Amino acid sequence: MEPEGRIWRRLREDRAGLAGLAVVSLFLMLALAVWLGLIGQDWSIAAGGRWEPPSPQHWFGTNILGQDIFQRAVYSVRTAFEVGLVVAVLSTLLGALLGALAGWYSHGWPDGAILWLMGVLDSIPFYLFVAAVAYALQGQPWAMHVAMIATFWTGTSRLVRAEVMKLKTREFVMAARTIGLPDLLILGRHVLPNTVHILLVQASIAFVAAIKTEVILSFLGLGVQDGVSWGLMLAESTQEVLAGHFNNFLAASLMLFVLLMSFNLLADALQDAFDPTFDPKQAAQ
Amino acid sequence: MQYPLRKAFHGLLLVLGVTFISFVLMVWFGPDQTYTLLGKNATAEQIAEVRHELGYDQPFLRRYLDYVADLFTLRLGASNASGEQVSRILARTAPVSLALMLPGFVLGNLMGIALGLAAARRRGQWTDRLISGLSVTGMSISFLVIIIALQVLLSTPYGLNLFPVRGWQVTDLPSYLWHVTVPTLSLVLVTLGYNTRFYRAVFVEEASRDHIRTARAFGASPAVLMWKHVLKNSLVPIITRVMFSIPLVVISGSLLIESYFGIPGVGKVAFDAITSGDQPVLKAVVGLTAVAFVLIQIATDLLYRLVDPRVA
């Protein structure tokens, strides 16, 4: 693991990453404001006429039902963070846990079983898997989250497994073993904390993937069930754009793009900062 | 054990896994089909008969084995919605999906490899930065946004209005090209960012190896270095990437593209089955595509041996 000071210095020098971090923080504050009930609360009220142009009352105009597009786009920030955070945190934890077990007991039966499970989950086409989960859970609003968590952990798990297999042979782990610490304690106290750099990057990747997936699932009718999201707005807009009304489409797709782009830049910066072989001077040449 | 045999055994375990999961999700936990098949006012005998036909009176293991046996003998039953045999529906729609997705899938990978090579060759220069920046931008745009934007720009009076808005009336090559262009462009745009970034990383890694430095010291030209030494030695990750993106790109992509453009392929069939809860169709599509992908993985493992003699 890199000394923390160097990681922070590298992060501070990465201008694209910093810009990404600033925009993500801005979106997070928007999400919190929606949570606290400060903005975006009138997303479901049909306050205007159909397809009104932007005006002081309706900043981005109104949609086919006369609902305020600005309110809906802002409320969707909260939905995006809810989906992104829940899926990113839980899938990364699951991946860390199973990956660590597989790596620690590598070439034993727990490893074989976990590898098999990952192979199986990676073999089922994702959207069909979600459809199957939604079918089994019969319209539960959590079906989407469950399906994403159940599949997104495999990527993290493979990386953590490889890292734990490496760490297992290092001196500090040997020392912990020699003094008779139980396996689970060594794993939790000494091995897993050394995989944090993988987990942070993987969680940010999972966050982006979850938001992108929500859009597709909401369009397919398998996503957000109550509330509004950029995916639902885009699904609405598929009818509107053919009639020449683009406000709904533009509002949802631009906000979606800005958040995803910022998060991708942040994830890249994290990855570079944690990578001990990465030399910013050489990359800039 | 011999390599092919070991891989086949590994594949068999995967097949058992994917069929087990699709069985548990869709048949065991799935909604009771009895009243979907029966009309109103069914008698107790009719109900018992249908439940027996569906196997609801059988134990778990027996039903799972029956499901696997049906899947492998392609006895897939009839669609609840149309009454048509599922195997016939799939035989009718699979070629459409293949014709729809193949050009975009191939182009997306070829262009990704070309751009990745171009970026890796001028690593750190402005070409590389431009290509890498555009890749991240492409990765940040949703599939749905790309489809909607391309449809508006290319197929409606608000844009160029060159191609059909939706549908699939293909009879000859010109009509095929006319219908396939917008879906192909969507698929290329959606995959290009991820592909370029992946291939660039592979080529950068390979270009930093010792054998490349040696070849350069022996006076190999940059073009020969890239084509002969870097590209050829990167074949294993390239094959892995191509094969493993099949379920995500081809199958999930066809689900979205076909339901959006109203194209009668497997994806549209699956979409309709999802929205209407058509269990026989859904379980056949999920089960068969998962099994097909396991077969693809076995084929991939055997391909590795062809391109890399070190694999054992």
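Residues numbered from 1 in each chain as written. Chains lettered and ligands numbered in written order. Predicted model: local features only at pLDDT ≥ 70, side-chain atom pairs only at ≥ 80, totals over all residues.

Draft legend 1. Summary view of the overall build of chain A. Regarding its fold elements, chain A presents 12 helices and 0 strands. Counting from the amino terminus, chain A carries its helices and strands in the arrangement α-α-α-α-α-α-α-α-α-α-α-α. Among the 285 residues that make up chain A, the fraction classed as buried is 48%. For chain A, the share of sequence-separated contacts (at least 6 apart) that also reach a separation of at least 24 residues comes to 68%. (Helix = DSSP H or I, 4+ residues; strand = E, 2+ residues; numbered from the N terminus. Buried ≥ 20, exposed ≤ 12 C-beta atoms within 10 Å, placed from the backbone. Contact = placed C-beta atoms within 7 Å.)

Draft legend 2. Fine view of the overall build of chain B. Within chain B, the secondary structure is distributed over 14 helices and 0 strands. Seen in sequence order, chain B has helices and strands lined up from the N terminus as α-α-α-α-α-α-α-α-α-α-α-α-α-α. Considering only C-alpha atoms, chain B reaches an extent of 85 × 65 × 35 Å along its principal axes. For chain B, the proportion of its 312 residues judged to be buried stands at 36%. The contacts in chain B between residues at least 6 apart in sequence include a share of 69% that link residues at least 24 apart.

Draft legend 3. Representation of helix H13 (residues 266-276) of chain B. Across the 11 residues that make up H13 of chain B, a large majority, 8, are buried. Buried residues of H13 of chain B: Val266, Gly267, Lys268, Val269, Ala270, Phe271, Ala273 and Ile274 of chain B, and no others. Against the buried residues of H13 of chain B lie helix H5 (126-137) and helix H9 (196-220) of chain A together with helix H5 (86-121), helix H12 (246-261) and helix H14 (279-307) of chain B. Count one or two residues on from H13 of chain B and you reach Gly277 of chain B, which has phi positive near 65 degrees.

Draft legend 4. Examining unusual backbone geometry more closely. Positive phi, normally seen in glycine, also occurs at His107 of chain A, with a value near 70 degrees. If you trace the backbone, His107 of chain A turns up in the loop between helix H3 (69-104) and helix H4 (109-123). Non-glycine residue Asn161 of chain B carries a positive phi angle of around 55 degrees. Relative to the elements of secondary structure, Asn161 of chain B occurs in the loop between helix H7 (143-155) and helix H8 (173-207). Asn161 of chain B sits in the exposed class, given 11 other C-beta atoms within 10 Å.

Draft legend 5. Molecular detail of the interface of chain A and chain B. Between chain A and chain B, the residue contacts involve 40 residues of the former and 44 residues of the latter. For the side of chain A that touches chain B, the secondary structure elements donating two or more residues are H4, H5, H9, helix H10 (230-242), helix H11 (247-274) and helix H12 (280-284) of chain A. Broken down by element, the residue count for the side of chain A that touches chain B peaks at 9 residues, all from H11 of chain A. Per-class residue counts for the side of chain A that touches chain B are 28 nonpolar, 10 polar and 2 charged. (Nonpolar A, V, L, I, M, F, W, Y, C, P; charged D, E, K, R; others polar.)

Draft legend 6. How the structure looks around the packing of helix H1 (residues 3-28) of chain B against helix H4 (residues 60-72) of chain B. Residues and elements named next belong to chain B. Contact geometry of H1 with H4 gives a least axis separation of 10 Å together with a crossing angle of 110 degrees. Judged on the interaxial angle alone, H4 and H1 are roughly perpendicular. Classified by chirality, the crossing of H4 by H1 is right-handed. Contact residues: H1 offers Thr19, Phe20, Phe23, Val27 and Trp28, while H4 offers Phe60, Arg63, Tyr64, Tyr67, Val68 and Leu71. Broken down by class, the residue content of the contact of H1 with H4 amounts to 9 nonpolar, 1 polar and 1 charged. (Axes fitted to C-alpha atoms, helices over the stretch in contact; angles between N-to-C directions. Parallel < 35°, antiparallel > 145°, perpendicular 65-115°, else oblique. Left-handed = near helix turned anticlockwise from the far one by under 90°.)

Draft legend 7. Quick peek at the environment of Ala210 of chain A. Residue and element names in this part refer to chain A. On the secondary structure map, Ala210 appears in helix H9. A residue is classified by how many C-beta atoms lie within 10 Å of it, and Ala210, with 23 of them, is buried. Sequence separation between Ala210 and His145 is 65 residues; the distance between their C-alpha atoms is 8.6 Å. With residues near it in sequence (within four places) discarded, Ala210 still touches Val83, Gly84, Val87, Ala88 and Met148.

Draft legend 8. Representation of the nonpolar core. Judged by nonpolar contacts, the single largest core of 143 residues is most densely connected at Leu128, Val130, Ala131 and Leu234 of chain A together with Ala270, Leu282 and Val285 of chain B. With 17 residues, H3 of chain A is the single largest residue contributor to this core. Residue contacts for Leu234 of chain A: discarding those within four places in its chain leaves Val215, Phe219, Phe249, Ala252 and Ser253 of chain A together with Leu144, Val145 and Ile148 of chain B. In terms of nonpolar packing, the next biggest core, distinct from the first, is built from 11 residues, Ala120, Val202, Met226 and Val230 of chain B among them. (Core = buried A, V, L, I, M, F, W, Y, C linked by C-beta atoms within 7 Å.)

Draft legend 9. Region of the structure containing the environment of Thr127 of chain B. Residue and element names in this part refer to chain B. Examined against the element boundaries, Thr127 turns out to sit in helix H6 (residues 126-139). Residues Thr127 and Leu102, 25 residues apart in the sequence, show an inter-C-alpha distance of 29 Å. The contacts of Thr127, once residues within four sequence positions are left out, are Ala118, Ala119 and Arg122.

Draft legend 10. Geometry of the environment of Gly37 of chain A. Residues and elements named next belong to chain A. Mapped onto the elements of the fold, Gly37 is located in the loop between helix H2 (15-35) and H3. Judged by C-beta crowding, with 8 C-beta atoms within 10 Å, Gly37 ranks as exposed. Between the C-alpha atom of Gly37 and that of Ala96, which follows or precedes it by 59 residues, the distance is 35 Å.

Draft legend 11. The confidence of the model for chain A, seen in detail. In the predicted model, chain A carries a mean pLDDT of 86, and 95% of its residues have values of at least 70. No element of chain A has a lower mean pLDDT than H12 of chain A, at 48, and none a higher one than H3 of chain A, at 93. (pLDDT = per-residue confidence, 0-100.)

Draft legend 12. Expanded view of H8 of chain B. With 35 residues, H8 of chain B extends only 41 Å from end C-alpha to end C-alpha; this falls clearly short of the ideal 51 Å at 1.5 Å per step. Maximal helix bending in H8 of chain B amounts to about 40 degrees, located at Leu192 of chain B. (Expected span 1.5 Å × (residues − 1). Bend = angle between axes of the 7 residues up to and from the residue.)

Draft legend 13. Focus on the packing of H7 of chain B against H8 of chain B. Residue and element names in this part refer to chain B. Where H7 meets H8, the closest approach of the two axes is 9 Å, and the angle between their N-to-C directions is 140 degrees. It follows from the interaxial angle that H7 and H8 lie oblique. Viewed along their axes, H7 and H8 form a crossing whose handedness is right-handed. On H8, the residues touching Phe143, Ile146, Ile147, Leu150, Gln151, Leu154 and Ser155 of H7 are Val182, Leu185, Ser186, Leu189 and Val190. When grouped by side-chain class, the residues that make up the contact of H7 with H8 number 9 nonpolar, 3 polar and no charged.

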